[in-house]
Amino acid sequence: MQILSNTSTNSRLEEFFVTMLQEIYWSEQHLVNVLSTMTGAASNTELIQAFDQHRQQTVEHVKVVERAFSLLGIPAQAEPSMGLQGLFDEGWQVIDETEEGSAQRDVALIIAAQKVEHYEIACYGSLVTLAATLGEIEVADMLRAVLTEEKETDALLTIIAESKINAQASEEPVAR
């Protein structure tokens, strides 16, 4: 596997970059389904819309990563991400442990989603830097656009939480 046309062997950095790209590919593919579940579990209209919009963006993110693989001249191959699998599992857990239709569940969903967003922001930020370092400027630019969308989603989730969901959850009585 050769990602740079002007080299005859891959550097360790190139191999690490490809592994990270494979992991984010796996993550984006799985996140589409996770976001569908989160959309169904949320009760706040703004939150439902935000999750649905991000699911649609994530479908496009999968395509962007596939284009990055194509530009690099390597097959798109997913590699499980242990870090994101743990965050996905945590998301399932908050759904199981919170009351349906409650603001508390919406708060927990936002927190779970933001943990995923922060992980993705870290991954895409690193991928952008590595792609640029490796001279893959077009790939870096494509991934930078995804990074921007991830940051926007994170900011939107904060606005939704702070606008009223957190306050509503603080007023919900403890279920007995």
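The rules behind the values
- Residues numbered from 1 in each chain as written.
- Predicted model: local features only at pLDDT ≥ 70, side-chain atom pairs only at ≥ 80, totals over all residues.
- Heavy atoms only, no water.
- Helix = DSSP H or I, 4+ residues; strand = E, 2+ residues; numbered from the N terminus.
- Buried < 20%, exposed > 50% of the residue type's maximum accessible area, 1.4 Å probe, protein only.
- Contact = heavy atoms within 4.5 Å.
- Areas by Shrake-Rupley, 256 points an atom, 1.4 Å probe, with all protein chains shown as cover.
- Lys, Arg positive; Asp, Glu negative; His and termini not counted.
- Charge placed at Lys NZ, Arg CZ, Asp CG, Glu CD.
- Polar contact = N/O pair within 3.5 Å; in protein donor to acceptor, adjacent residues only side chain to side chain.
- Axes fitted to C-alpha atoms, helices over the stretch in contact; angles between N-to-C directions.
- Parallel < 35°, antiparallel > 145°, perpendicular 65-115°, else oblique.
- Left-handed = near helix turned anticlockwise from the far one by under 90°.
- Nonpolar A, V, L, I, M, F, W, Y, C, P; charged D, E, K, R; others polar.
- Expected span 1.5 Å × (residues − 1).
- Phe/Tyr/Trp six-rings, centres within 6.5 Å; stacked < 30°, edge-to-face > 60°.
- Salt bridge = Lys/Arg side-chain N within 4 Å of Asp/Glu carboxyl O.

The name an unreviewed UniProt entry assigns to the chain is DUF892 family protein, from the organism Chitinophaga filiformis.

Asker: What exactly am I supposed to notice about the overall build of the chain here?
Answerer: Scanning the chain from terminus to terminus reveals five helices and zero strands. Going residue by residue from the N terminus, the α and β elements of the chain occur as α-α-α-α-α. Over its C-alpha atoms, taken along the principal directions, the chain stretches across nearly 65 × 25 × 20 Å. Per-residue burial over the chain gives 45% buried out of 176 residues. Taking contacts inside the chain between residues at least 6 apart in sequence as the whole, the part at least 24 apart equals 77%. Carbon and sulfur atoms make up 52% of the accessible area of the chain, which amounts to about 9,100 Å² in all. Across the chain, 10 positive and 28 negative side-chain charges occur, with their mean positions spaced 1 Å apart.

Asker: What is the right way to look at the side chain of Asn 44 in this model?
Answerer: With respect to the helices and strands, the residue Asn 44 is situated in the loop between helix 1 (12–41) and helix 2 (45–72). There is a polar contact of 2.9 Å between the side chain of Asn 44 and the backbone nitrogen of Glu 46. Sequence-distant contacts of Asn 44, that is, excluding residues within four places in its chain, are made with Asp 106, Ile 160, Lys 164 and Ile 165.

Asker: Please clarify how the packing of helix 4 (residues 103–133) against helix 5 (residues 137–171) should be interpreted in this entry.
Answerer: Two packed helices can be described by the angle between their axes and the distance between those axes. Look at helix 4 against helix 5: their axes get within 8 Å of each other, and the N-to-C directions meet at 160 degrees. Relative to helix 5, the element helix 4 is oriented roughly antiparallel. Helix 5 is crossed by helix 4, and the crossing has left-handed handedness. Its residues assigned to classes, the contact of helix 4 with helix 5 shows 21 nonpolar, eight polar and seven charged.

Asker: How should I be thinking about helix 4 in this particular structure?
Answerer: Each full turn of the α-helix corresponds to 3.6 residues, which orients residues three or four apart in the same direction. Over its 31 residues, helix 4 extends 44 Å from the first C-alpha to the last, a length consistent with the 45 Å expected when each residue adds 1.5 Å. After helix 4 finishes, the residue Gly 135 shows a positive phi value of roughly 80 degrees.

Asker: Could you clarify how one ought to interpret the packing of aromatic side chains in this entry?
Answerer: How two aromatic rings sit relative to each other is given by the distance of their centres and the angle of their planes. A complete count under the given rule lists two aromatic pairs for this structure. Centroid distance Tyr 25 to Phe 69: 5.5 Å. Interplanar angle 70 degrees. Geometry classified as edge-to-face. Here Tyr 25, found in helix 1, pairs with Phe 69, found in helix 2; they are 44 residues apart in sequence, far enough to count as distant. The exposure classification of Tyr 25 matches that of Phe 69, with both residues buried. Each ring, one from Trp 26 and one from Phe 88, has its centre 6.1 Å from the other, and the planes form 25 degrees; the classification is stacked.

Asker: What is the right way to read the pattern of salt bridges from this model?
Answerer: One side chain can pair with another of opposite charge once the charged atoms of both are near each other. Following the criterion strictly, the structure yields four salt bridges and no others. Of the charged contacts in the structure, one is a salt bridge between Lys 63 and Glu 60, with a shortest N-O distance of 3.4 Å. Here Glu 60 and Lys 63 lie together in helix 2, a separation of three residues that amounts to about one turn. With relative accessibility at 37%, the residue Lys 63 sits in the partly exposed group. Between Glu 90 and Lys 115 there is a salt bridge, and its shortest N-O distance comes to 2.3 Å.

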